[in-house]
Amino acid sequence: MIGGGHFEIVSADSVQVYRLLDIGSGKPAPAQRESVVHHLVDIVDPDFPFTAGDYCRAAREAMLVIEERGKIPLFVGGTGLYIDAFFKGLAEIPRIDGLVKEGLSMEMEVRGLPALYEELGDIDAPFAARIHPNDRQRVLRGLEVFRGTGIPLSEWFKGTAGADSPEVLYIGLNPDRGLLYRRIDARVDRMMERGFLDEVKALRGRGYGPGLKSMKSIGYAELNSHLDGGPGFPETVEKIKLETRRYAKRQMTWFRKNREVRWFEEFDLAKIKSLIYSWLEIKI
């Protein structure tokens, strides 16, 4: 049997990095974290503007620690940008002038996100094609980099070095979409039963408001809106389910672009284990 003895887990989840964001991020249970060492969970406070660059630096440190212990880092998740940034490389982009960001924020209010996304497609089609038209954060990032440097973001990424190598094994699970969506709905219901709304209230009580990057994550954003006079609670729960299903679809689209991923049906455990055993014979 393949056990935790060979591996230590490196989370690639952009919300699990935050302390106190527990229920909504679906952090592994304490028993799971005791049975196998987890890295990059609960490493920053909710008001820290954690970036893909921060992730790469923290993941490199975790990988060194794991390898020094004679273990193998097992990256799990989640956030496609983090996986690509770490393994495929992340450009060292110069700091963008704050006036550029302020200008884009004002344009956002006047022109709207669809118009800004269309502009991004004109100046950086490769990057625009990789992101969702409603991904406000990355649409603005693509535009601010171009306006601040005169170089499209996709060009900055070219030729950057990452941790990828022929020794890296990528495994992807391809669940039945109907089953996946039912699981998402049930998972959101369990989060509510565990006190997700109370978690958001407690975060706000500590001064972590809805404007923070962490509090704009799926689930947290919708509950913050509810608390600020938005849709009722039942409607909010349904909105969280919808946005989570949409995110799962975008995740699959993102990871499908990596041609090195070995895809398996969810219950093909025997085939997955066989592949890992063969890979481990080379690694250890």
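Parameters and conventions
- Residues numbered from 1 in each chain as written.
- Predicted model: local features only at pLDDT ≥ 70, side-chain atom pairs only at ≥ 80, totals over all residues.
- Heavy atoms only, no water.
- Helix = DSSP H or I, 4+ residues; strand = E, 2+ residues; numbered from the N terminus.
- Expected span 1.5 Å × (residues − 1).
- Buried < 20%, exposed > 50% of the residue type's maximum accessible area, 1.4 Å probe, protein only.
- Arc of directions from axis to C-beta.
- Polar contact = N/O pair within 3.5 Å; in protein donor to acceptor, adjacent residues only side chain to side chain.
- Lys, Arg positive; Asp, Glu negative; His and termini not counted.
- Salt bridge = Lys/Arg side-chain N within 4 Å of Asp/Glu carboxyl O.
- Contact = heavy atoms within 4.5 Å.
- Core = buried A, V, L, I, M, F, W, Y, C linked by side-chain atoms within 4.5 Å.
- Pairing = 2+ DSSP bridges.
- Axes fitted to C-alpha atoms, helices over the stretch in contact; angles between N-to-C directions.
- Phe/Tyr/Trp six-rings, centres within 6.5 Å; stacked < 30°, edge-to-face > 60°.
- Lys NZ or Arg CZ within 6 Å of the ring centre and 35° of its normal.

A.B. asks: Could you clarify how one ought to interpret helix α9 (residues 177-194) in this entry?
C.D. replies: Residues three or four positions apart in an α-helix share a direction because the helix packs 3.6 residues into each turn. For α9, with 18 residues, the first-to-last C-alpha span of 26 Å sits near the 26 Å given by 1.5 Å per residue. Every buried residue belonging to α9 is among Ile-184, Val-188, Met-191 and Met-192, and all of these are buried. What you see down the axis of α9 is that its buried residues fit within an arc of 100 degrees, all on one side. Relative to its buried face, α9 has exposed residues pointing more than 90 degrees away, namely Arg-182, Glu-193 and Arg-194. A distance of 3.2 Å separates the backbone nitrogen of Gly-178 from a side-chain oxygen at the start of α9, and that oxygen is part of Asp-176.

A.B. asks: Which parts of the structure should I look at to understand the side chain of Asp-124?
C.D. replies: Looking at the element boundaries, Asp-124 is found in the loop between α5 (113-123) and α6 (125-130). Look at Asp-124: it is buried, it has no salt bridge, and the nearest opposite charge is Arg-130 at 8.0 Å. A polar contact is formed between the side chain of Asp-124 and the backbone nitrogen of Leu-153, at a distance of 2.9 Å. Only 2.6 Å separates the side chain of Asp-124 from the side chain of Ser-154, close enough to count as a polar contact. Beyond its immediate stretch of four places on either side in the chain, Asp-124 contacts Pro-152, Leu-153 and Ser-154.

A.B. asks: Explain the nonpolar core to me, please; I cannot follow it from the model alone.
C.D. replies: Here is a general trend for soluble globular proteins: nonpolar side chains tend to be buried in one another's company. Formed by 43 residues in total, the largest nonpolar core has its most connected members in Tyr-55, Phe-75, Phe-86, Phe-196 and Tyr-220. Mapped by element, the contributors of at least two residues to this core are α2 (52-68), α3 (80-88), α9, α10 (196-205), α11 (220-227) and α12 (233-256). Per-element tally for this core: the top contributor is α2, with 8 residues. Once residues within four sequence positions are removed from consideration, Phe-196 is found in contact with Ile-23, Gly-24, Met-191, Gly-219, Tyr-220 and Leu-223. Judged by nonpolar contacts, the second largest core, of 16 residues, contains Ile-93, Leu-116, Phe-127 and Leu-140.

A.B. asks: Whenever I open this one, the sheet that holds strand β1 (residues 7-11) confuses me. Can you help?
C.D. replies: Sheet strands pair via backbone hydrogen bonds, and the direction of the pair is either parallel or antiparallel. With parallel pairing, the 3 strands of this open sheet are ordered in space as β2-β1-β3. On the outer flanks of this sheet lie β2 (38-39) and β3 (72-76), each paired with one strand and no other. Where β1 and β3 come together, 5 bridges link them in parallel fashion. Bridge pairing in β3 links Ser-11 to Val-76. Across the sheet, α2 lies against β1, β2 and β3, angled at about 145 degrees from β3, the strand it touches most.

A.B. asks: It is not clear to me how the packing of aromatic side chains should be interpreted in this structure. Could you clarify?
C.D. replies: Between two aromatic rings, the relevant description is the distance of the centres plus the angle of the planes. One pass over the full model with this rule turns up 8 aromatic pairs. Relative to Phe-50, the ring of Phe-48 lies with its centre 6.3 Å away and its plane at 55 degrees, an arrangement referred to as tilted. According to the relative accessible area criterion, Phe-50 is buried, its value standing at 3%. Each ring, one from Phe-196 and one from Tyr-220, has its centre 4.9 Å from the other, and the planes form 80 degrees; the classification is edge-to-face. With Phe-196 in helix α10 and Tyr-220 in helix α11, this pair connects stretches of sequence that are 24 residues apart. Neither Phe-196 nor Tyr-220 differs from the other in exposure class; each is buried. Above the face of the Trp-263 ring, Arg-256 is positioned so that its terminal group lies 4.0 Å from the ring centre.

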